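Chain residues, written in single-letter form:
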Amino acid sequence: MNVNKHDGQQGQGQGQGQAGDGAQVSTGTPNDTAAVPDAAIPELVIISGMSGAGRSTAAKCLEDLGWFVVDNLPPALIPTMVELGARSQGNVARIAVVVDVRGRRFFDNLRESLADLDSRQVTRRIVFLESSDDALVRRFESVRRPHPLQGDGRIVDGIAAERELLRELRGDADLVIDTSSLNVHELRAKMDAQFAGDEEPELRATVMSFGFKYGLPVDADLVADMRFLPNPHWVPELRPFTGLNEEVSAYVFNQPGAKEFLDRYAELLRLIAAGYRREGKRYVTIAIGCTGGKHRSVATSEKLAARLAAEGVETVVVHRDMGRE
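Conventions we followed
- Residues numbered from 1 in each chain as written.
- Predicted model: local features only at pLDDT ≥ 70, side-chain atom pairs only at ≥ 80, totals over all residues.
- Heavy atoms only, no water.
- Helix = DSSP H or I, 4+ residues; strand = E, 2+ residues; numbered from the N terminus.
- Buried < 20%, exposed > 50% of the residue type's maximum accessible area, 1.4 Å probe, protein only.
- Contact = heavy atoms within 4.5 Å.
- Axes fitted to C-alpha atoms, helices over the stretch in contact; angles between N-to-C directions.
- Parallel < 35°, antiparallel > 145°, perpendicular 65-115°, else oblique.
- Left-handed = near helix turned anticlockwise from the far one by under 90°.
- Salt bridge = Lys/Arg side-chain N within 4 Å of Asp/Glu carboxyl O.
- Pairing = 2+ DSSP bridges.
- Core = buried A, V, L, I, M, F, W, Y, C linked by side-chain atoms within 4.5 Å.
- Nonpolar A, V, L, I, M, F, W, Y, C, P; charged D, E, K, R; others polar.
- Expected span 1.5 Å × (residues − 1).
- Arc of directions from axis to C-beta.
- Polar contact = N/O pair within 3.5 Å; in protein donor to acceptor, adjacent residues only side chain to side chain.

### Focus on the overall build of the chain
Part 1: Scanning the chain from terminus to terminus reveals 10 helices and 10 strands.
Part 2: A buried classification covers 51% of the 325 residues belonging to the chain.
Part 3: Contacts in the chain between residues at least 24 apart in sequence constitute 81% of all its contacts with a sequence separation of at least 6.

### Overview of the packing of helix α9 (residues 258–278) against helix α10 (residues 296–310)
Part 1: Put simply, α9 and α10 touch, their axes get as near as 11 Å, and they point 45° apart. Relative to α10, α9 is oriented oblique. Here α9 and α10 pass one another in a crossing that is right-handed. Between α9 and α10, the contacting residues are Phe261, Leu262, Asp263, Tyr265, Ala266 and Leu269 on the first element and Thr300, Lys303, Leu304, Arg307 and Leu308 on the second.

### With respect to the pattern of salt bridges
Part 1: With the rule as written, the count across this model stands at 20 salt bridges.
Part 2: The residue Glu164 makes a salt bridge to Arg167 at a minimum N-O spacing of 3.0 Å.
Part 3: When its relative accessible area of 52% is taken as the criterion, Arg167 is described as exposed.

### A closer look at the sheet that holds strand β6 (residues 175–178)
Part 1: Taken in spatial order, the five strands of this open sheet run β3-β4-β2-β5-β6, and their pairing is parallel. The sheet is open, and its two borders are formed by β3 (68–70) and β6, each paired with just one other strand. Strand-to-strand twist across the sheet, computed as the mean angle between neighbouring axes with direction ignored, equals 20°.
Part 2: Judged from the four bridges that link them, strand β5 (residues 124–130) and β6 form a sheet pairing that is parallel. Its bridge partner being in β6, Glu130 is matched across the sheet by Asp178.
Part 3: Together, β2 (43–49), β3, β4 (94–98) and β5 form the strand contacts of helix α1 (residues 55–64), whose direction differs from that of β2 by roughly 160°.

### Considering the nonpolar core
Part 1: If you look at the biggest cluster of nonpolar residues, it comprises 50 residues, and the most contacted ones within it are Leu44, Ile47, Leu62, Ile78, Val97, Met191 and Phe195.
Part 2: If sequence neighbours within four positions are ignored, Met191 has contacts with Ala58, Cys61, Leu62, Val127, Ile177 and Ala196.
Part 3: Among the nonpolar cores identified, the runner-up in size contains 29 residues, and Ala224, Leu229, Leu269 and Ala299 belong to it.

### Here's the deal with the packing of helix α8 (residues 246–253) against α10
Part 1: Between α8 and α10, whose axes approach to 9 Å, the crossing angle comes to 90°. One element, α8, and the other, α10, form an angle in the roughly perpendicular class. Facing α8, whose interface residues are Ser249, Val252 and Phe253, α10 presents Arg296, Ala299, Thr300 and Lys303.
Part 2: The residue makeup of the contact of α8 with α10, split by class, is three nonpolar, two polar and two charged.

### Points about unusual backbone geometry
Part 1: Positive phi outside glycine occurs at Asn72, with the angle close to 55°.
Part 2: With respect to the secondary-structure elements, Asn72 resides in the loop between β3 and α2 (78–86).
Part 3: Asn72 sits in the buried class, given a relative accessible area of 14%.
Part 4: Of note in this structure, Arg144 is not a glycine but carries a positive phi near 55°.
Part 5: Relative to the elements of secondary structure, Arg144 occurs in the loop between α4 (133–143) and α5 (155–165).
Part 6: You can call Arg144 exposed: its relative accessible area is 79%.

### Here's the deal with α10
Part 1: Between its terminal C-alpha atoms α10 stretches 21 Å, which fits the 21 Å expected from 15 residues at 1.5 Å a residue.
Part 2: Close packing links the buried residues of α10 with β7 (204–211), α8, α9, β9 (283–290) and β10 (314–319).
Part 3: Following α10 by one or two positions, Gly312 has its phi on the positive side, about 90°.

### Points about α8
Part 1: The complete set of buried residues in α8 reads Val248, Ser249, Val252 and Phe253. Angularly, the buried residues of α8 cover 120° about the axis, an arc narrow enough to put them on a single face.
Part 2: At its buried positions, α8 is contacted by α9 and α10.
Part 3: Measuring from the side-chain oxygen of the N-cap residue of α8 to the backbone nitrogen of Glu247 gives 2.9 Å; that N-cap residue is Asn245.

### Focus: the pairing of β7
Part 1: Within β7, eight of the eight residues are buried, leaving the element largely enclosed by the surrounding structure.
Part 2: Across the two faces of β7 the burial is the same, with Arg204, Thr206, Met208 and Phe210 and Ala205, Val207, Ser209 and Gly211 all buried.
Part 3: In this sheet, β10 lies alongside β7 in parallel orientation, the contact comprising six bridges. Among the inter-strand pairings, Arg204 is bridged to a residue of β10, identified as Glu314.

If you want it as structure tokens, here you go:
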């Protein structure tokens, strides 16, 4: 997989991402944050998701970006943590908390805490990390640890129970990251793309090329199919190249309907982006697919990302399956 901000460069990491478990819990006496000036209330990110999907890696990335990170915080203490940050005289301006099924009574307390934060107009985002069952089983087996919810059953039983428990939270998440095929560096690149920088853009987009023969990206908000265009794979002189190559891109966009599709899809995305902004959605993943994820989808993703960037949308390009063949 290749991940890059849309600046014409691409990066590729090595190694497998694992989710680590730790426990750092801060306690304090709850107070009313309404007594604190609004400007002093810290920004809040809640990191959650499946055990083994990379929550600890995501938390460490935010810590490296200067966020104050608390792992395995009981959901009932989130408002307390925000209140303490608000009283730090600006020393704690951004807080990230990791909450998960280790906190027990998970949803009851979390719903109450989120409602409390909303009533105090705290700016908060939810990042949800997930992965396929196969990837999670491999990760738990590689570290020889049980799933926290499997009890006397199998790892897959624990995964199924956790997935059902987290279903509602996943639906409420501002950002969903599927780490099934991501290594540590690629997950960090995604987190950096979303949280690095001094200013928060109105909307951030990930444009992901993929191959249908490898399966749909589970974290895609929108999916487009480029298989209506002729496949450069069947042109011998183009077969070894990818959609990043100018000859391949020119071939793709010289086909009938290619430029028209790009124009109309970009126009549709402008309409959708306006709605996302009105609804407070800050992140969108746009998946562009072809047969193998090497030629048509890659070329289209690059062109589409360039258009989004030109319109002020901070855009990251991910070529999920390029190089897999």
